[in-house]
There are 4 protein chains.
Amino acid sequence: MNFASDNIVGASGPVLQAIVEANAGAMAAYGNDEISVRVRARFAELFEREVFVFFAATGTAANALALSSAVPPYGLCVCHREAHIIDDECGAPEFFMHGAKLAGLPGVGAKLRAEDVDAYLKGLPKAVKQMPPKALSISQVSEGGLVYGLDELAALGRVCRAHGLSFHMDGARFANALVALGCTPAEMTWKQGVDILSFGATKNGGLMAEAIVVFKPELAEALDYRAKRAGQIISKSRLIAAQFEGYFAADHWLDNARHANRMAALLSEGLARLPGVRLAWPTEANEVFPIIPQALDRALKAAGLHYHSWTELSLPETETIGKDEVLIRLVASWATGEDEVRRFLEIASSEVSRQAAE
Amino acid sequence: MNFASDNIVGASGPVLQAIVEANAGAMAAYGNDEISVRVRARFAELFEREVFVFFAATGTAANALALSSAVPPYGLCVCHREAHIIDDECGAPEFFMHGAKLAGLPGVGAKLRAEDVDAYLKGLPKAVKQMPPKALSISQVSEGGLVYGLDELAALGRVCRAHGLSFHMDGARFANALVALGCTPAEMTWKQGVDILSFGATKNGGLMAEAIVVFKPELAEALDYRAKRAGQIISKSRLIAAQFEGYFAADHWLDNARHANRMAALLSEGLARLPGVRLAWPTEANEVFPIIPQALDRALKAAGLHYHSWTELSLPETETIGKDEVLIRLVASWATGEDEVRRFLEIASSEVSRQAAE
Amino acid sequence: MNFASDNIVGASGPVLQAIVEANAGAMAAYGNDEISVRVRARFAELFEREVFVFFAATGTAANALALSSAVPPYGLCVCHREAHIIDDECGAPEFFMHGAKLAGLPGVGAKLRAEDVDAYLKGLPKAVKQMPPKALSISQVSEGGLVYGLDELAALGRVCRAHGLSFHMDGARFANALVALGCTPAEMTWKQGVDILSFGATKNGGLMAEAIVVFKPELAEALDYRAKRAGQIISKSRLIAAQFEGYFAADHWLDNARHANRMAALLSEGLARLPGVRLAWPTEANEVFPIIPQALDRALKAAGLHYHSWTELSLPETETIGKDEVLIRLVASWATGEDEVRRFLEIASSEVSRQAAE
Amino acid sequence: MNFASDNIVGASGPVLQAIVEANAGAMAAYGNDEISVRVRARFAELFEREVFVFFAATGTAANALALSSAVPPYGLCVCHREAHIIDDECGAPEFFMHGAKLAGLPGVGAKLRAEDVDAYLKGLPKAVKQMPPKALSISQVSEGGLVYGLDELAALGRVCRAHGLSFHMDGARFANALVALGCTPAEMTWKQGVDILSFGATKNGGLMAEAIVVFKPELAEALDYRAKRAGQIISKSRLIAAQFEGYFAADHWLDNARHANRMAALLSEGLARLPGVRLAWPTEANEVFPIIPQALDRALKAAGLHYHSWTELSLPETETIGKDEVLIRLVASWATGEDEVRRFLEIASSEVSRQAAE
C-alpha cells in the first residue's frame, strides 16, 4: 500500500487504450497531427472560449515554460514559500526564466491570501536594484492539499490586475480541485483572472500528459519556440494528445478525481477519529496531512506502508507539533482502492490501541 | 506514402507491448523503479563497460543536455554547419549550455573530416575574446545520411584528445549506423574516443525514448540535476524505460534498423538507375539524397508522395545542382514497406519516361 | 550632510592623482598593460601568497562573477537573507550564475552563524529535486555593519569544507573590516578558509575599482572568459589598475578606512547617549544602526540630513521596534568630516531636548 | 609607434579634466546625479528628439545590453560574419540575450548589403525549429573600416521594418563615421530607421564612457534593470557622465574624429603609392586595410611598429592575397601624431626600396 504520491501508478485504462489506438499509421510529427488538432479544440470547448494549448512531457516543464512566458529574466515571480516550483523542481523555473527570481510568501496549508500578496507587493522598494514583480503563481490544489475557493481566486486575480502581474495556476491536481469545488473549468480559471494554466493529467490517469493552457494571448506568442528549445515538443506528438482524448472521454478525468478525493476523505475521517491523531488543516482534495505520534509513524512504516513526512512551514500559528509527533502526507489517487484505505485505517487503529495499552 | 521522416509512425509492436505490460501496478517514480534499473544494466551490457544512463523525452533534449555537461557557458562546441543541433532545434543547445556557441564547419554530406576540425582548432585566436573550444559534436548517421567509419571516428577522437575537447555523438539514428558498419556499440563509441552519446530510439521504433549514455564519468556528475531542472525527468519513468526493454529484446532494434537501411538501399538503387537522376553522395544508412529534375519533383508531389527538399550546403565541390534540378531527401524507416518503395520507384520511373517522351 | 552611503563622494586625492598620472602615453589594452601587471603583484604581496586577480567596474559585477565561478547553474548559494547579493543587485548573481539560486538564512545584524549554516545544510533533502549547495557567501563587513571575527570566519570555513562548498567573501567594505580587526588581509581571508574574495575599493576612495581575488586556483580558471563575456574587461585597463596603486600607496586605504570607522564610532557613541535612542546592535565598522523615535527621524530629515531607514529583519530576538520608532542606517566614509558628525549630533541632541520639552 | 587600436591611449585632455572637476563633493549615486541628468539632456539635443540614454563601462556591455532588449532568448540576430559582436566579445551577446543566436552573413569590408539581408531573411524556414529573426546589428564604422552611406542605412532600415526586426547600430566609432559622412547624428541613426545605438566614446577620447541611446521606446523599458543585473550601473555614475560633458564640449569629439580620419587618410595615400602595396578596399574612416608583402610586414615589425594582421573573410571576390602577401589593419586615433604617420611611411618606403634593390 502506497500513499506516497499520485504518480506511482501507470496510466488508467482508457488513457492507455487511447495510446494504443492512436499508435497505428503515419501522421505528421511535432504537433501537426489530427489528434493534436482535435484535442486543442476539446480544450477550447472545456474552457468555453478560445485558448492556446501547448503539450509538455512533465509538470515541471509545463510550469517552467508557462512562467517563462510571463516573467522576463530580470523579473520576480511571487509564490508560496512551499510551492512546488520553489522547492521541488531543482531550479527549473529559474532555468527557463533565465535567472528570474521566485519570492516565497508564507500561508497556512501552502495557500496564499490575497491580502498578504498585496501587502508584499506594496512593500517592495521602488528602485532599480529591486527585480520588478511580473507574475503570481499559485497551486490549485495547494502543496498542502487545500483548494482555493472561487472568491479567493477572484481576490488574487484582482491583486494581479492592480499590480500588473500575470496570474499563473499550477494545476498539477486541477481535476481534484475542480470536483472539490463543483464548478466549471472556466469558473476556476479565466473567469477569476487566471492568465495561464499548467493543466496536469499525469497524476490523475495520464501516462505523461501535461498541457499549458493560455488565456491571455500575448503569453502564447512565443511558447512554441520556447517549448521547442526546451526539448518539449515530442516528435510523435499524437501520443501525448491521444492521452487527453482518453482522459476527457466520458468524464473519465472527473470520475478519477472524484474517486481520489473520496478516498482521501475516507482516510481523513478515519484518522481524525483516532486518539492522538489530528489534522494539520482540513482535507479538501486527495491529500491528507495528519499529525501523528512518532510511535505510530514507526509502526506504520514497519508495516510496509509508504508515505512522506512533511515540513512544518505552513502550520497555522495556533498549531505546534509536539516533540513526539510528526506531520505526514498521505496521497490518494484514482487507483487507490477503498480496501487499501480501510486496511490502512485498521492498521493505524490497532497500532494506536496497542500503544495505548502499553 | 511518406518518406518525409522516420518519426511519422508510432511505436513498433514490441515497444508498444512493453509499455502496456509495464503499466500495471505501483512503482517508484522519477527513475527509481525496477525497470529503469534493469534497463541501465542492459545499457552497460550492450556497451561492454560501466556507463551512466539518463533518459529524456526528446532527441533535442538529449542532445542539449549532453552538450550542457561538456561545454561551459563561455565555451565553444564545434559541429557540422548543417548539424541538427545548429539548424533544427530552435536554439536548444544554446539554451541548455547557457549561451555557449556552436561553430559550424563545412564538409561533404554533413560529415566532418578530422583534418578540417584540427585545422579550425589550430587557427582559433589565443585571446580572451575567443570562446575556448570545449566539445566536438557529430551526428552518426550524419544529417546527410552518411556513416562515419571506425577510422574516421578514431581520427576525430584523437583530435578531441589533442585539443582537450569532449567528444559527443548525436545518435538519433545510432542503430542505422551500427548495422551499416556491422560493428558493436562499444566499437562505434568509446573505443574510438566518444565521451558522451545521445542514444535515440524514437526514430527506430520507440514511442518517445531517448537516452544519454556517458562514458567519461565527470560528464555524468550533474546530469541528473540538469535533467530535472530541464523538466526531463518523467515521473512515471518506468514507461520510458519499458520502451528500451521492448526495443532491445530479441535484437528488435537491429532488425528495425536493418530493414530501414535495406529499404533505403532499394530506393537508392532504383533512383540512381533513372535517367536524369543522380545521388548527391552515396546512400549508407536509411536516407537517400538524390538530385532530380524539378519536373519529376513536381510530378511526385502531385502523386501525393511526401518528402523534403534539402539545402545544397554540403554538396561535394565537384557537384552543382542545375537550375532545373532539386536536391531531395527520402527517409526509410522500420515501418516502410517494400511495396511502398517499389510503388514509389514505379511512379518515378513512369514519370521520367513520360517526361522524356514529351 | 549625507550619511546615506559611502559611494556618494568621488575618488580620494591619491586615487584621482594616480589616474591622471597613468593617463599619458600608449599602453596595451585589456589588462595587458604594465600597471595592471604591477598591481597584480601588489595583491600577491598584500595577501602573502599567489593570488589570481581580476578587475571589475562594479561591486555587483565582482560579486556575481565570483559566484559564477563557484556555483554551477543548478547549484545553491547560501547567504544571509539580507545579503547585498540577494537584495540589492536586481538578480545579478542569478544572471551570472545562469539561474542558480540564493538561499537566504537569518542572523542578527545580517551575520550568519556557522552552526546555523551547518544545520541548514544538514537539513536539505537528498534528492534530485533539491539544488545542491555549492557556495557560501558572506559580507565582511555585513549588511548590518557587523564584522566577523577570525574565529567566526574559521568556523564558517570549516562548515564549507565539511559540506564541499566554496567560501566567498563580499568585501565591499574589506578595509573597514580589516582595520576593525587589526589583522592582515591573509588572516581575514584564505587563512580562515575563504576561497574567493570581492575586494572593493570604490566605497573607500576609489573612483570605480573592484577586484576579484582568488585563492582556490580552480575558481580562477575561467574568470577571464567570464569577465570578458560580461563586458567587464575595460579596454583602457590601466585606469582601473592605477586606482589600486594610488589606493595601496602609503597605506592610504587603511587610513581611509580607519577614519571612516572612527567617524562611525563618534556618531554611534553620541547617538547612544541620547534619551530614546538605542543601537540595534553594536557599531563595529563604518555603519551605525540606531533605533530612533519617528519624531526625531522626521526632524532630522527636515533639517536636510540624508540617510536610509532599514528593515527589521535582522534584529535580535530580544529587540522590537516600537510603533513610534524607526530603525535607520548611518554610513560614514573616508570623506566624512568630524565637523559633520558633530553637527549631526548637535542637531539630533537639540531635537531630542526640544521634543522632550513639548 | 602603435597602430594596433584606438584604445591604447588614455583619455584626451578635456575628458580627463572633466572627470577631475566632477570628482569633488557629494552627489547621488547610481545615475541620479545632476551631471548624468545634464548629459542625458545633451544627448536629446544632439539627436534632435527624445532619447533614452543608459551608460555602460565597456562597448561589449553596451552592445550586449542593447541586443538583449531587442532579441528574446529564442530569437535570431543578423549581423556580419566578421562583426565585433560575433568575433570579439567572448559570447557576451549570447550571454546577455540568454542564448539567442547571432547569424553572420558575408559582405565586402565587413559591410552588409540590404539585398543580402533581405534574401537571407526570406530564405529562413517557416518552422518552430527555426529561431525567428528579431534584430539586425551593423557596425558603423564597419569592422573593415567602411562607412555605411545614408542610402545604405535607409535600405537596411526598410528591410528591418519589412521583416519586423529591430535595427541596432554598434557605434564604437560613431564619431569617425559621422565626420566621414558630414551628416548629423539624427541623420545617421533614427532618420534611417535605427532603433537602438551603442554610442562609443572610449576609442575617441574617453576613459571608459559608453552609452546606449534608444530611439524605439519599448526597447528602453527594461534596460535599467538589465544594466543593473549586468553590473553595469556604476555607483559613482557622475564620473562616467562627466566624460561625455568633456567629450561633447566645443565639438571636441568631432575634432578628435576628424583628426583620426585625416591621419588614416594620410597613411592610406602614402601606402597606396608604394609598389607592391594595395588597399583591400577604400579607407573611409580611421582604419586602413592594406595588402602588403610579407617581407615588408616582417621589416615593419622588426622596426618596432605595432599593428594587427587581419582575416581575408571580407575581401572582394576579385581580390586574392598572394602567398607572399598579408592583409593588415592600421588604426589611427585622436592621439596619432602626423609625425608618427610620416615616420611610418618613411620606414615602409625605405624598406620597399631596400627590398627592391636586393
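Looking at an unreviewed UniProt entry, one finds chain A named L-threonine aldolase and attributed to Microvirga flocculans. Under the Sequence similarities (unreviewed entry) heading, UniProt states for chain A: "Belongs to the threonine aldolase family." What UniProt states about chain A under its Function (unreviewed entry) heading is, verbatim, "Catalyzes the cleavage of L-allo-threonine and L-threonine to glycine and acetaldehyde."

1. Focus: the overall build of chain A
Broken down by element type, chain A carries 14 helices and 12 strands. Expected size for 358 residues packed as a compact globule is a radius of gyration near 21 Å; at 21 Å, chain A falls within 12% of this value. Considered along the principal axes of its C-alpha atoms, chain A spans approximately 65 × 60 × 30 Å. Out of the 358 residues in chain A, the part that is buried amounts to 66%. Restricting to contacts in chain A with at least 6 residues of sequence separation, those with at least 24 account for 77%. Side-chain charges of chain A comprise 34 positive and 43 negative groups, with the mean position of each set lying 4 Å from the other.

2. Thoughts on the interface of chain C and chain D
Listed per partner, the contact involves 44 residues of chain C and 44 residues of chain D. Summing both partners gives a buried area of about 3,700 Å² for chain C against chain D, and 63% of it is carried by carbon and sulfur. Its largest share of buried area at the contact with chain D, chain C owes to Phe95(C), Arg229(C) and Lys236(C), together 21% of the area lost on that side. There are 0 salt bridges connecting chain C and chain D. Counting across the chain C and chain D interface gives 20 residue pairs in polar contact (both at pLDDT 80 or more). Residue assignment for the side of chain C that touches chain D shows that the elements contributing at least two residues are helix 1 (13–22), helix 3 (59–70), helix 5 (92–96), helix 11 (223–229) and helix 12 (238–248) of chain C. When the residues that make up the side of chain C that touches chain D are grouped by side-chain class, the tally is 24 nonpolar, 14 polar and 6 charged.

3. Considerations on helix 14 (residues 338–357) of chain A
Over its 20 residues, helix 14 of chain A extends 29 Å from the first C-alpha to the last, a length consistent with the 28 Å expected when each residue adds 1.5 Å. Of the surrounding elements, those touching the buried residues of helix 14 of chain A are helix 12 (252–272), helix 13 (294–302) and strand 12 (325–331) of chain A.

4. Things to note about the interface of chain A and chain B
On the chain B side, the residues contacting the 44 residues of chain A number 44 residues. Looking at the side of chain A facing chain B, the largest losses of area belong to Phe95(A), Arg229(A) and Lys236(A), adding up to 21% of the total buried there. Summed over the shared surface of chain A and chain B, the result is 0 salt bridges. Taken together, chain A and chain B are joined by 20 residue pairs in polar contact (both at pLDDT 80 or more). Where the side of chain A that touches chain B is concerned, the elements lending two or more residues are helix 1 (13–22), helix 3 (59–70), helix 5 (92–96), helix 10 (223–229) and helix 11 (238–248) of chain A. Split by residue class, the side of chain A that touches chain B holds 24 nonpolar, 14 polar and 6 charged.

5. Things to note about the side chain of His98(C)
With respect to the element layout, His98(C) can be found in the loop between helix 5 and strand 3 (101–105). When sequence neighbours within four positions are dropped, the list of residues in contact with His98(C) reads Pro73(B), His98(B), Arg229(B), Pro73(C), Arg229(C) and Phe95(D).

6. Quick notes on the relation of the copies chain A and chain B
The pair of chain copies shares a relation made of a rotation about an axis and a shift along it. At an RMSD of 0.0 Å, chain A and chain B line up after a rotation of 180° and a shift of 0.0 Å along the axis. Here the symmetry operator amounts to a two-fold rotation axis. Same-surface contact between copies: 100% of interface residues of chain A are shared with the interface of chain B.

What counts and how
Residues numbered from 1 in each chain as written. Chains lettered and ligands numbered in written order. Predicted model: local features only at pLDDT ≥ 70, side-chain atom pairs only at ≥ 80, totals over all residues. Heavy atoms only, no water. UniProt positions renumbered as here; feature names shortened; annotations may be inferred. Helix = DSSP H or I, 4+ residues; strand = E, 2+ residues; numbered from the N terminus. Rg over C-alpha atoms; globule rule 2.2 N^0.38 Å. Buried < 20%, exposed > 50% of the residue type's maximum accessible area, 1.4 Å probe, protein only. Contact = heavy atoms within 4.5 Å. Lys, Arg positive; Asp, Glu negative; His and termini not counted. Charge placed at Lys NZ, Arg CZ, Asp CG, Glu CD. Buried area = accessible area lost by both parts, 1.4 Å probe. Salt bridge = Lys/Arg side-chain N within 4 Å of Asp/Glu carboxyl O. Polar contact = N/O pair within 3.5 Å; in protein donor to acceptor, adjacent residues only side chain to side chain. Nonpolar A, V, L, I, M, F, W, Y, C, P; charged D, E, K, R; others polar. Expected span 1.5 Å × (residues − 1). Least-squares fit on C-alpha atoms with pLDDT ≥ 70 in both.

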